[in-house]
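Chains, contacts and geometry: an overview
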Amino acid sequence: MILGVNIDHVATLRNARGGSDPDPLSAAVAVWQSGAEQLVCHLREDRRHIQDNDLRRLKDWGGLPLNLEMAMTEEMARIALDVRPELVTLVPERREERTTEGGLLLDEGSLGRIRIFLDQCRMAGIRLSLFLGPEPADMEKAVLLGVDQVELHTGEYSNASSEKLVQAELHRLVAAASCLKDKGIRLAAGHGLTVRNLSAVLELPGLEEVNIGHSIVARSIFVGLDQAIREIRKILADTETLRVIRMECKR
Ligand code: PXP
């Protein structure tokens, strides 16, 4: 299981004072040292956290594959094709939202824009992922587009306020994940994941990657980035051990 660590909120803290501390690049090195496999950052239209220069420094450093989250706009496409991160994740963006609320809307207009951008990414050697809500119809559209990856938005699951709602959201996530089985599309998940709610998500069929930001950066204030990431990695490792034990019991 690949762990991507989103360092947007290191930049949020830096931007609060307008100086250079804490430096997202130092955070990136700490992420790498803690054993996570991918860096994630979201270059927003309003540049509220990660800035263009951060993106270029992270790419130039090159210690970890970079997953650039961005809206499907001409400006962002131009930046992505210039910086060439290993992976681009297309996310919806509304200026007034606090964080990415919900998955992409795949209507005819956006499908057309994604098709063009997908071709450009292929030429540039960039893999393309779509951040989608757990809707079977959207999974089918992703399959038809032939994108490299789908990241399921786990926000509704994370925010579910009762056990019944949690189970209902998990059911939707499992159903969506099942639509991608044997379709040659990698499956990732992210948004609102924490040490408390991660385990159930790791059971999604075919899941290969989780991307986690806010809970890790929030926890790092008390225990440091290294320890915060190791706590998440322990959950990933324990789940893998359980999976192996279950497989051996089946034999
Ligand atoms: N994955 C995607 C596509 C996201 O947009 C975000 C939030 O920027 C995350 C993962 C991480 O979400 P969180 O910060 O809630 O862990």
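Let me begin by describing the structure that accompanies this report. (Residues numbered from 1 in each chain as written. Predicted model: local features only at pLDDT ≥ 70, side-chain atom pairs only at ≥ 80, totals over all residues. Heavy atoms only, no water.)

1. Regarding a nonpolar patch on the surface
Keep this limit in mind: Like-charged residues are merged into a patch within 9 Å and nonpolar side chains (Val, Leu, Ile, Met, Phe, Trp, Tyr) within 5 Å, provided each residue has over 30% relative accessible area and no salt bridge. Per-residue and other accessible areas were derived by the Shrake-Rupley procedure at a 1.4 Å probe size, with only the shown protein chains allowed to occlude residues. When a carboxyl oxygen of Asp or Glu lies within 4 Å of a side-chain nitrogen of Lys or Arg, that pair is called a salt bridge. We count a stretch as a helix when DSSP gives it H or I for four or more residues in a row; a strand needs E for two or more, and each element gets its number in order from the N terminus.
On the surface, Ile221, Phe222 and Val223 cluster together into a nonpolar patch covering about 350 Å² of accessible area. When you line up the elements, Ile221 lands in helix α10 (residues 214-223).

2. Topic: unusual backbone geometry
Most of the time, phi is negative for any residue but glycine, and the peptide bond is trans. Convention followed: Relative accessibility thresholds used throughout: buried, under 20% of the residue-type maximum; exposed, over 50%; partly exposed, between the two (1.4 Å probe, protein chains only).
In this model, Asp21 is joined to Pro22 through a cis peptide bond whose omega is -5 degrees. Even without being glycine, Arg47 reaches a positive phi, approximately 50 degrees. Turning to its location among the elements, Arg47 is positioned in the loop between β2 (38-42) and α3 (52-61). Of note, the phi angle at Asp182 is positive, near 60 degrees, even though the residue is not glycine. In this structure, Asp182 sits in the loop between α8 (163-179) and β7 (186-190). The exposure class of Asp182 is exposed, given its relative accessible area of 73%.

3. Considering the packing of helix α2 (residues 24-33) against α3
Formally: In this analysis an axis means a line fitted to C-alpha atoms, helices contributing only their contacting stretch, and an angle means the value between N-to-C directions, from 0 to 180 degrees. Helix crossings get a hand from a simple test, with the near helix turned counterclockwise from the far one by less than a right angle marking a left-handed crossing and a clockwise turn marking a right-handed one. In this description, contact between two residues means that some pair of their heavy atoms is separated by no more than 4.5 Å.
Running from amino to carboxyl end, α2 crosses α3 at an angle of 35 degrees, the nearest separation of the two axes being 9 Å. You can see that α2 and α3 cross each other, and the crossing is right-handed. Touching Pro24, Leu25, Ala28, Val29 and Trp32 of α2 are Asp54, Arg57, Leu58 and Trp61, all from α3.

4. Details of the layout of surface pockets
Rules: Method remark: on a 1 Å grid restricted to protein atoms, a set of points is classed as a cavity if a 1.4 Å probe fits but cannot get out and as a pocket if it is open with protein on both sides within 12 Å along at least five of seven lines; lining residues have an atom within 4 Å of a point. Grid points are joined across faces, edges and corners, and a volume is the space filled by probe spheres set on the points. Gly falls in the polar group here, along with every residue not listed as nonpolar (Ala, Val, Leu, Ile, Met, Phe, Trp, Tyr, Cys, Pro) or charged (Asp, Glu, Lys, Arg).
The space that makes up the second largest pocket amounts to roughly 290 Å³. Taken together, 16 residues form the lining of the second largest pocket, with Met72, Val91, Pro92, Glu93 and Leu104 sitting closest to its centre. A total of 3 residues in the lining of the second largest pocket trace back to one element, the largest contributor, which is helix α5 (residues 108-124). Residues of the lining of the second largest pocket, tallied by class, amount to 9 nonpolar, 2 polar and 5 charged.

5. Overview of helix α11 (residues 225-250)
Think of an α-helix as 3.6 residues a turn; residues three or four steps apart then line up on the same face. Using the following cut-off: Expected helix span is computed as 1.5 Å times (number of residues minus one).
The end-to-end C-alpha distance of α11 is 38 Å, a good match for the 38 Å that 26 residues give at a rise of 1.5 Å each. All of the buried residues in α11 are Leu225, Ala228, Ile229, Glu231, Ile232, Ile235, Leu236 and Thr239. For α11, the secondary structure elements touched by its buried residues are β1 (2-6), α2, α9 (198-201), β8 (207-212) and α10.

6. Comments concerning the packing of aromatic side chains
As a reminder of what qualifies: For Phe, Tyr and Trp, rings pair up if their centres lie within 6.5 Å, where Trp contributes its six-membered ring, and each pair is then called stacked (planes under 30 degrees apart), edge-to-face (over 60) or tilted (otherwise).
A complete count under the given rule lists 1 aromatic pair for this structure. Seen from their ring centres, Trp32 and Trp61 are 6.4 Å apart, and the 80 degrees between their planes marks the pair as edge-to-face. You can see Trp32 sitting in helix α2 and its partner Trp61 sitting in helix α3, a full 29 residues away along the chain. In this structure Trp32 comes out as partly exposed when scored by relative accessible area, which is 46%. We classify Trp61 as partly exposed; its relative accessible area is 27%.

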